[in-house]
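# Topology and contacts: notes
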Amino acid sequence: MESRHILIVEDEASLGRILCDTLRAAGYSTTLATDGVAGLEAFDSHRPDLVIADIMMPRLDGYQTCALIKN
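Just so it is clear, the structure is predicted and the values come from calculations on it, not from any experiment.

Okay, the pairing of strand E2 (residues 29–33) next. Consecutive side chains of a regular strand alternate in pointing toward one face of the sheet and then the other. Looking at chain direction, strand E1 (residues 5–9) and E2 are connected through 5 bridges and run parallel. Note on E2: the bridge partner recorded for Leu7 is Thr31. In this region the chain leaves E1, passes through helix H1 (residues 13–25) and returns to the parallel neighbour E2; the handedness of that crossover is right-handed.

The following block contains the structure:
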């Protein structure tokens, strides 16, 4: 079975690391971005299967980030 890739967009470093570690332990590959702009760049680079985005982040919030990914 191929590993599914998840992009986590989270500005709180400790929470981002916990999410990545937990998902990796469950067999997923992950990428962590620390704000919405970095999340867009990571999405373009990695084309993940799923994006988990925090709502309140600097530069672009989670809603804006997901709207730009969708378009």
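Structure shown, so let's carry the discussion forward.
Attention now moves to the sheet that holds strand E3 (residues 50–53). Strand order in the open sheet formed by 3 strands is E2-E1-E3, with parallel pairing between adjacent strands. Two strands lie at the open edges of the sheet, namely E2 and E3, each paired on one side alone. Sheet twist, expressed as the average angle between the axes of neighbouring strands with direction ignored, equals 20 degrees. Strands E1, E2 and E3 of the sheet are contacted by H1, whose axis makes an angle of about 170 degrees with E2. Along the sheet, helix H2 (residues 36–46) contacts E1, E2 and E3; its crossing angle with E1, the most-contacted strand, is approximately 165 degrees.

Taken as a whole and assessed by the stated rule, the structure comprises 2 salt bridges. A salt bridge links Arg4 to Asp49; the nearest nitrogen and oxygen atoms lie 3.8 Å apart. In this pair, Arg4 is assigned in the segment before E1 and Asp49 in the loop between H2 and E3, connecting sequence segments 45 residues apart. Residue classification places Arg4 among the partly exposed positions, given a relative accessible area of 41%. Owing to a relative accessible area of 48%, Asp49 belongs among the partly exposed residues under this scheme.

Mapped onto the elements of the fold, Ala53 is located in strand E3. Given the relative accessible area of 24%, Ala53 is considered partly exposed. Those residues in contact with Ala53 that sit more than four places away from it in its chain are Val9, Gly62 and Cys66.

Tracing the chain through its elements places Thr30 in strand E2. Within the structure, the side chain of Thr30 is placed 2.8 Å from the side chain of Arg24, a separation counted as a polar contact. The contacts of Thr30, once residues within four sequence positions are left out, are His5, Ile6, Ile8, Cys20, Leu23 and Arg24.

Rules behind the numbers
Residues numbered from 1 in each chain as written. Predicted model: local features only at pLDDT ≥ 70, side-chain atom pairs only at ≥ 80, totals over all residues. Heavy atoms only, no water. Pairing = 2+ DSSP bridges. Helix = DSSP H or I, 4+ residues; strand = E, 2+ residues; numbered from the N terminus. Right-handed = clockwise from strand over helix to strand, strands pointing away. Axes fitted to C-alpha atoms, helices over the stretch in contact; angles between N-to-C directions. Contact = heavy atoms within 4.5 Å. Salt bridge = Lys/Arg side-chain N within 4 Å of Asp/Glu carboxyl O. Buried < 20%, exposed > 50% of the residue type's maximum accessible area, 1.4 Å probe, protein only. Polar contact = N/O pair within 3.5 Å; in protein donor to acceptor, adjacent residues only side chain to side chain.

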